[in-house]
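As a plain string of letters, each chain reads:
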Amino acid sequence: MKKDIKEVIVTEKQIKDLCVKLGKQITLDYKDKENPILLGLLKGCIPFMSDLMKYIDLPVEVEFMDVKSYHGGISSSGDIKIRMDINTSVYNRDIIICEDIVDTGKTLDTVVRLLKHRGARSVEVVTLLDKPEGRLIPFTPKYIGITIPKVFVVGYGLDYNELYRNLPYVGILKERVYSK
Ligand code: 5GP
């Protein structure tokens, strides 16, 4: 896998430091809330969520959703298919959605709306990576690990054709991998 990476843009050490920083911030902000739900969006959230939650020093529930976005085509913007729904009621709950990267913003905008529609008391987003240049709709996650340029990255949960998720860092793929 490593030979396919052109450049590492977020190192293991940086990721660890970002998880500590974000975990502390969330701990402070949610200290008076009752058992918030940390809701991971599969599959990209897995390494980030498992590292981040170790630094949230509060009782939190852990849940997952698997959603697939349809961007463009005949679907209206923000149309998502829920492949696996959250396993508990979100009514009157404080939700922290845990995401690997925000690009167009459509996935999260839709999931946030859905959870609010279901009666969540509050819905915020923590993302390891943010690509603000990719936005097609306005969306600002409350907690951002690091802002990156509009490049396609893999590793630490992020895939290309379902591979590279298990790299311990975030990197840019070599072009020859795409052109194979
Ligand atoms: P969006 O914000 O465009 O609705 O969707 C975010 C999702 O698009 C992420 O959860 C991720 O699955 C995918 N995505 C966006 N940018 C990248 C990227 O640079 N690399 C990878 N592997 N996936 C990305």
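Cut-off values and rules
Residues numbered from 1 in each chain as written. Predicted model: local features only at pLDDT ≥ 70, side-chain atom pairs only at ≥ 80, totals over all residues. Heavy atoms only, no water. Helix = DSSP H or I, 4+ residues; strand = E, 2+ residues; numbered from the N terminus. Rg over C-alpha atoms; globule rule 2.2 N^0.38 Å. Buried < 20%, exposed > 50% of the residue type's maximum accessible area, 1.4 Å probe, protein only. Pairing = 2+ DSSP bridges. Contact = heavy atoms within 4.5 Å. Axes fitted to C-alpha atoms, helices over the stretch in contact; angles between N-to-C directions. Phe/Tyr/Trp six-rings, centres within 6.5 Å; stacked < 30°, edge-to-face > 60°. Salt bridge = Lys/Arg side-chain N within 4 Å of Asp/Glu carboxyl O. Disulfide = S-S within 2.5 Å.

Novice: Even after reading the chapter, I still don't get the overall build of the chain, so can you show me in this structure?
Specialist: The number of helices and strands found in the chain is 4 helices and 9 strands. If you list the helices and strands of the chain from N to C, you get β-α-β-α-β-β-β-α-β-β-β-β-α. Its C-alpha atoms give the chain a radius of gyration of 16 Å, near enough to 16 Å, the size a compact globule of 180 residues would have. In terms of overall dimensions, the chain has a C-alpha envelope of 50 × 40 × 25 Å along the principal axes. Residues classed as buried in the chain amount to 48% of the 180 residues present.

Novice: How should the sheet that holds strand β8 (residues 153-154) be read in this particular structure?
Specialist: Strand pairing in a sheet takes place through backbone hydrogen bonds and is either antiparallel or parallel in direction. Read from one edge to the other, the open sheet built from 3 strands follows the order β1-β9-β8, with strand pairing classed as antiparallel. The sheet terminates laterally at β1 (5-10) and β8, the two strands that pair on one side only. Alignment of β1 against strand β9 (residues 170-173), held across 4 bridges, turns out to be antiparallel. Residue pairing in the sheet places valine 8 in a bridge with glycine 171 of β9. Each of β1 and β9 touches helix α1 (residues 12-29); the most contacted strand, β1, lies at about 30 degrees to it.

Novice: Help me understand the packing of aromatic side chains in this model?
Specialist: Here the distance between the centres and the angle between the planes together describe a pair of aromatic rings. Enumeration according to the criterion identifies 1 aromatic pair in this entry. Plain terms: the ring middles of phenylalanine 152 and tyrosine 160 are 6.3 Å apart, the flat faces sit at 80 degrees to each other, and that makes the pair edge-to-face. Look at phenylalanine 152 and you get partly exposed, because its relative accessible area is 38%.

Novice: Can you help me understand the pattern of salt bridges in this one?
Specialist: Between side chains of opposite charge, a pair can form when the charged atoms approach closely. Summed over the entire model, instances satisfying the criterion amount to 15 salt bridges. Here aspartate 4 ties to arginine 176 by a salt bridge, and the two come within 3.3 Å at their closest N and O atoms. Note that aspartate 4 is positioned in the segment before β1 and arginine 176 in helix α4 (residues 175-178), a separation of 172 residues in sequence. The partly exposed category is assigned to arginine 176, whose relative accessible area is 39%. Notably, a salt bridge pairs aspartate 17 with lysine 13, separated by 2.7 Å at the nearest N-O pair. On the criterion of helical spacing, the pair formed by aspartate 17 and lysine 13 is a turn pair, its members being 4 residues apart in helix α1. Overall, the relative accessible area of 54% leaves lysine 13 in the exposed class.

Novice: What exactly am I supposed to notice about the pairing of β9 here?
Specialist: In the case of a regular strand, side chains alternate between the two sheet surfaces. Pairing between β8 and β9: 2 bridges, direction antiparallel. Directly across from valine 153, in β9, lies its bridge partner isoleucine 172.

Novice: I tried to follow the state of the cysteines on my own but got confused; where do I start?
Specialist: When the sulfur atoms of two cysteines share a covalent bond, that bond is a disulfide. On inspection of all chains with the given rule, the structure shows 0 disulfides. For the unlinked cysteine cysteine 19, the closest cysteine sulfur is that of cysteine 98, found at 8.5 Å. The exposure class assigned to cysteine 19 is buried, which follows from its relative accessible area of 0%. This cysteine, cysteine 45, is not joined by any disulfide, and cysteine 98 carries the nearest cysteine sulfur, 5.7 Å off.

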